[in-house]
Amino acid sequence: YQRRDRGQHMSHLHAVALLSAAVAAVMSTCVDLFSLAVGCVLGILLYRYLATQFHRSILPKERAANATDASAVSLPATAYEFNHAVVNLRVTSSWFNLGYWKNTLHFEEACEALALKLADVACLDSKDVVLDVGFGCGDQDLFWLKRFRVASIYGVNISERQTATAQRMIAEHGVDDRIHLSCGNGTELDIFKNRMKLPSFSKVLSLDSAYHYRTRALFFKQAFAALDNSGRLALTDIILTAPPRSFLGKLGLYLGCQLTSVPLDNMYDWATYKQQLQQAGFDNINVEYVEEDVFPGFADFVERHYAKFSVLLRPHLWLKFLVTAKLLRWVYCHKVLRFIVVSADKP
């Protein structure tokens, strides 16, 4: 096959990758979540169809070709002069939260900043025995241990693969005697605690994950039971600014939750959120709204990162992040969602 043909196919695929996000952006002229969700779905379907056609028609030919020149490399021909960037890439962490972008443009620094903000709200110190619910790949636990020298950290995460990755990383740093990570459910902390024969905790933390729990209200009750008297729950989370009133708004919220694996039961405003904390037994409840330093910063970063590295990676790998970026920019501009930092104490 010819380099020109391949370039055309790649151009088509890149165009559809942008179309996935562009359809959502066009829908931002509307005022309801339904239109946004429909735009995202249409973009995803179009993208997946043409991505499949590309891989069926182009990649087999590429593998079979006996080319001996630069056009035979696995990267697009238009990227050949940049393919040396692959051997210069370094992965030094596995952070993934939305980040706190007030004073940085770099993803790892933004993720650390959000973890630091949560730790400050929790008032972490060297005496704390911490339970981290939804620890991802463990970067936050290593950060908290080094920064605050807490006594010990126990973690529970629902993903077996992430847990295994985190355990390896903790062992490589030689701190597996102070950080103990296990696979489990954040809404079954009593089972986890009894199985592991764990003590009560002075702090329970959840960094940018509680909106995924089934349900968050059950997590509040479990966290309350896991805490010592005078212990503190601290978390970063996403809530609605206000519940949708129209049918289309409610339908859009439902579709959005389905696309993002967020239980619909977790989508409510601060008044309901605070009420659920109180019903679980917490008092001294405080909240800070920080979406202006979270949503647009993450969206800007994804778009910059895509512009820099899209030529090196298959386009379908970017779809989740491009759509998320457009969605976060839309909900921020239309004040649909809020990003909060919360603390609550056990009497």
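Because the structure is a prediction, the values reported are computed rather than measured. (Residues numbered from 1 in each chain as written. Predicted model: local features only at pLDDT ≥ 70, side-chain atom pairs only at ≥ 80, totals over all residues. Heavy atoms only, no water.)

Another aspect to go through is the overall build of the protein. Counting its regular elements, the protein contains 12 helices and seven strands. Per-residue burial for the protein yields a buried fraction of 48% across its 347 residues. Sequence-distant contacts in the protein: of pairs separated by 6 or more residues, those separated by 24 or more amount to 78%. Surface summary for the protein: the accessible area is close to 17600 Å², and the carbon and sulfur share equals 54%. (Helix = DSSP H or I, 4+ residues; strand = E, 2+ residues; numbered from the N terminus. Buried < 20%, exposed > 50% of the residue type's maximum accessible area, 1.4 Å probe, protein only. Contact = heavy atoms within 4.5 Å. Areas by Shrake-Rupley, 256 points an atom, 1.4 Å probe, with all protein chains shown as cover.)

What follows concerns the packing of helix H7 (residues 189–196) against helix H8 (residues 216–226). Helices that pack against each other are described as a pair by the angle of their axes relative to one another and the distance between those axes. Where H7 contacts H8, the axes come no closer than 9 Å and their chain directions differ by 35°. Judged by residue contacts, Leu189, Asp190 and Lys193 of H7 engage Phe219, Gln222, Ala223, Ala225 and Ala226 from H8. Of the residues in the contact of H7 with H8, the class split is five nonpolar, one polar and two charged. (Axes fitted to C-alpha atoms, helices over the stretch in contact; angles between N-to-C directions. Nonpolar A, V, L, I, M, F, W, Y, C, P; charged D, E, K, R; others polar.)

The next thing to look at is the pairing of strand E5 (residues 227–240). Counting buried residues in E5 gives 11 out of 14 residues, a clear majority hidden from the surface. Bridging between strand E4 (residues 201–207) and E5 involves six bridges; their strand directions are parallel. Among the inter-strand pairings, phenylalanine 201 is bridged to a residue of E5, identified as leucine 227. Crossover connection from E4 via H8 to parallel E5: handedness right-handed. Of the strand pairs in this sheet, E5 and strand E7 (residues 337–345) are connected by nine bridges, and their pairing is antiparallel. (Pairing = 2+ DSSP bridges. Right-handed = clockwise from strand over helix to strand, strands pointing away.)

Attention now moves to unusual backbone geometry. The peptide bond linking arginine 214 to threonine 215 adopts the cis configuration, its omega dihedral lying at 0°. The topology assignment puts threonine 215 in the loop between E4 and H8. If you check the backbone angles, cysteine 123 has positive phi at about 60° while not being a glycine. Residue cysteine 123 is classed as partly exposed on the basis of its relative accessible area of 44%. The residue lysine 335 is not glycine, and still its phi comes out positive at about 55°. Looking at the secondary structure, you find lysine 335 in the loop between helix H12 (319–333) and E7.

Here we take up the sheet that holds E7. Where strands meet in a sheet, backbone hydrogen bonds hold them as pairs that are either parallel or antiparallel. Spatial strand order, E3-E2-E1-E4-E5-E7-E6: seven strands in an open sheet with mixed pairing. Every interior strand has two partners, whereas the edge strands, strand E3 (179–183) and strand E6 (283–289), have only one. Across the sheet, the axes of successive neighbouring strands diverge by a mean angle of 15°, strand direction being ignored. Sheet contacts for helix H4 (residues 107–122): E4, E5, E6 and E7; angle to E5, the most-contacted strand, approximately 140°.

Another point: the nonpolar core. Core analysis: the biggest nonpolar cluster contains 58 residues, and Leu98, Leu124, Trp144, Leu205, Phe295, Leu337 and Phe339 have the highest contact counts within it. The residues contacting tryptophan 144, other than those within four sequence positions of it, are Ala115, Leu118, Ala119, Leu124, Asp132, Arg149, Val150, Ile153, Leu205 and Leu207. In terms of nonpolar packing, the next biggest core, distinct from the first, is built from 30 residues, Leu131, Leu189, Leu227 and Ala280 among them. (Core = buried A, V, L, I, M, F, W, Y, C linked by side-chain atoms within 4.5 Å.)

By secondary structure assignment, the location of serine 159 is in the loop between strand E2 (152–157) and helix H6 (160–172). With 24 residues separating them in the primary sequence, serine 159 and phenylalanine 135 have C-alpha atoms 9.7 Å apart.

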